[in-house]
Amino acid sequence: PPPEVHIDEWAEEHVVIPYGARRGPLCLDETPFAREILRMATDPDVEEITLMFAAQVCKTLICQLICLYYMAEEAESCLHVMPKEEDAVSVNCDR
């Protein structure tokens with residue numbers, strides 16, 4: 001079997017941010033709290049994660065990384081739901 005890789009390490013190895021101020025290979029060094037949240041998402045003992053922090057602090061990116069990981073590594077389906085249709089369009093077209 002392949003070696004076990006934590007989700008945050010997987011993301012930094014496979015994800016490239018195509019645009020924006022921090023474009024290029026994903027690096028979570030500036031957001032160390034994201035590593036813990038990502039690892040909790042793959043912990044079988046964790047049933048629910050509640051995120052409560054400021055706006056524009058990578059919550060959407062964290063959710064997208066979790067979906068990407070499960071689709072790529074676990075062959076799982078994933079649905080990322082936004083509160084309004086225009087939010088979903090914005091995430092898919094503008095980010």
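For clarity, every value in this text was computed on a predicted model and none was experimentally measured.

1. Quick look at helix 3 (residues 59–73)
Between its first and last C-alpha, helix 3 extends 21 Å over 15 residues, near the 21 Å set by a 1.5 Å rise per residue. Here the buried face of helix 3 lies against helix 1 (7–14) and helix 2 (32–41). Of the residues one or two after helix 3, Ala 75 is the one with positive phi, at around 50°.

2. Let's talk about the packing of helix 1 against helix 2
The N-to-C vectors of helix 1 and helix 2 enclose an angle of 115°; their axes lie 8 Å apart at closest approach. On the basis of the axis angle, helix 1 is roughly perpendicular to helix 2. On helix 2, the residues that touch Ile 7, Asp 8, Glu 9 and Glu 12 of helix 1 are Arg 35, Leu 38 and Arg 39. Its residues assigned to classes, the contact of helix 1 with helix 2 shows two nonpolar, no polar and five charged.

3. Digging into the layout of surface pockets
When its volume is computed, the largest pocket comes out at roughly 1000 Å³. Looking at the largest pocket, it is lined by 30 residues, and the ones nearest its centre are Ile 17, Arg 22, Leu 26, Cys 58 and Leu 61. Only strand 1 (16–17), helix 3 and helix 4 (85–94) provide two or more residues apiece to the lining of the largest pocket. By residue number, the principal contributor to the lining of the largest pocket is helix 3, which donates seven residues.

Thresholds applied
- Residues numbered from 1 in each chain as written.
- Predicted model: local features only at pLDDT ≥ 70, side-chain atom pairs only at ≥ 80, totals over all residues.
- Heavy atoms only, no water.
- Helix = DSSP H or I, 4+ residues; strand = E, 2+ residues; numbered from the N terminus.
- Expected span 1.5 Å × (residues − 1).
- Contact = heavy atoms within 4.5 Å.
- Axes fitted to C-alpha atoms, helices over the stretch in contact; angles between N-to-C directions.
- Parallel < 35°, antiparallel > 145°, perpendicular 65-115°, else oblique.
- Nonpolar A, V, L, I, M, F, W, Y, C, P; charged D, E, K, R; others polar.
- 1 Å grid on protein atoms, 1.4 Å probe; cavity = no way out; pocket = protein on both sides within 12 Å on 5 of 7 lines; lining within 4 Å.
- Points joined across faces, edges and corners; volume = space filled by probe spheres on them.

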